[in-house]
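Close look at the chain arrangement
So the chains spell out like this:
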Amino acid sequence: MANTARITVRDTQGREYRSDSGRMEFGRGADCKVCIPGTDKSISTSHCILYREEGKLYLMDLGSTNGTFLKEEERLQPKVPYRVHKGMEFFLCSRAHTFVVAE
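Everything in this summary refers to the structure shown in the same document. (Residues numbered from 1 in each chain as written. Predicted model: local features only at pLDDT ≥ 70, side-chain atom pairs only at ≥ 80, totals over all residues. Heavy atoms only, no water.)

**Concerning unusual backbone geometry**
Most peptide bonds adopt trans geometry, and most residues besides glycine take a negative phi value. This is how it is decided: Under the DSSP-based scheme used, a helix requires at least four consecutive residues in state H or I and a strand at least two consecutive residues in state E, with every element numbered from the N terminus. Only protein chains enter the calculation, and the probe is 1.4 Å; a residue is then buried if its accessible area is under 20% of its type maximum, exposed if over 50%, and partly exposed in between.
Even without a glycine there, the phi angle at Glu54 is positive, about 50°. Inspection of the secondary structure assignment puts Glu54 in the loop between strand E5 (48–53) and strand E6 (56–61). By relative accessible area, Glu54 is classed as exposed at 77%. The backbone phi angle of Lys79 is positive, close to 65°, even though this residue is not glycine. Residue position: Lys79 is located in the loop between strand E8 (74–75) and strand E9 (82–84).

Here you go:
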């Protein structure tokens, strides 16, 4: 039986990130599921979150300084959930931090 809470994303280097809790936080913070290390301060400590609610998948910017983007550079409004689907791309600040929703 498939895990209905599972979330999987891939970055542009082919690395896969998976969460079975229905929640995946992105940022520089050590407690983020997808921790973007380094000295690049363009990524906020708690940048955005990908989560499942009632079987649907949502992406929400957590008030980041430099934004979370969907599609053709559509910047997400902070604290507003956006419905996303398998195969959709999103990026943090710039295309250098692009992810694809895999599951």
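That covers the picture; the talk isn't over yet.
**Concerning the packing of aromatic side chains**
Put simply, the rule reads: What counts as a ring pair is set by centres within 6.5 Å for rings of Phe, Tyr and Trp (its six-membered ring), and what kind of pair is set by the plane angle: stacked under 30 degrees, edge-to-face over 60, tilted for all other angles.
What the rule picks out here adds up to six aromatic pairs. When the centroid spacing of 5.4 Å and the interplanar angle of 90° are considered together, the rings of Phe26 and Phe90 count as edge-to-face. Of this pair, Phe26 sits in strand E3 (residues 23–27) while Phe90 sits in strand E10 (residues 89–92), and the two are 64 residues apart along the sequence. A single burial state applies to Phe26 and to Phe90, both of which are buried. Ring centres of Phe90 and Phe99 lie 5.7 Å apart, and the angle between their planes is 25°; on these two criteria the pair is classed as stacked. Assigned by exposure class, Phe90 and Phe99 land together as buried. Taken together, Tyr17, Phe26, Phe90 and Phe99 form an aromatic cluster joined through their ring pairs.

**With respect to the nonpolar core**
Stated formally: Among the buried residues, those of types Ala, Val, Leu, Ile, Met, Phe, Trp, Tyr and Cys that are joined through side-chain atoms within 4.5 Å form a nonpolar core.
Of all hydrophobic cores here, the largest spans 22 residues; its most connected members are Phe26, Leu50, Phe90 and Phe99. Counting only elements with at least two residues in this core, the list comes to strand E1 (7–11), E3, E5, E6, E9, E10 and strand E11 (98–101).

**Points about the sheet that holds E11**
Going by this rule: When DSSP finds at least two bridges between two strands, those strands are taken to pair.
What the six strands build is an open sheet, ordered E2-E1-E11-E10-E7-E8; its pairing is antiparallel. Two strands close off the open sheet at either side, each with one partner strand: strand E2 (16–19) and E8. Note: E1 against E11, three bridges, orientation antiparallel. Bridge assignment links Asp11 to a residue of E11, and that residue is Phe99.

**A few points about the pairing of E10**
Two elements, strand E7 (residues 68–70) and E10, share three bridges in a ladder whose sense is antiparallel. Bridge assignment links Thr68 to a residue of E10, and that residue is Leu92. Remark: five residues form the turn of the hairpin made by E10 and E11, two consecutive strands paired antiparallel; Cys93 in that turn has positive phi of roughly 70°.

**Describing the pattern of salt bridges**
For clarity, the threshold we go by: By definition here, a salt bridge exists when the distance from a side-chain nitrogen of Lys or Arg to a carboxyl oxygen of Asp or Glu is within 4 Å.
Counted under the stated rule, the structure contains five salt bridges. Glu16 serves as the salt-bridge partner of Arg10, at 2.9 Å between the closest nitrogen and oxygen. Overall, the relative accessible area of 39% leaves Arg10 in the partly exposed class. Among the salt bridges present, the one from Glu16 reaches Arg18, with a minimum N-O distance of 3.2 Å. For Glu16, a relative accessible area of 39% puts it in the partly exposed group. According to the relative accessible area criterion, Arg18 is partly exposed, its value standing at 38%. Members of the salt-bridge network, linked through shared partners, are Arg10, Glu16 and Arg18.

Note that all results are geometric; they support no functional claim without further evidence.
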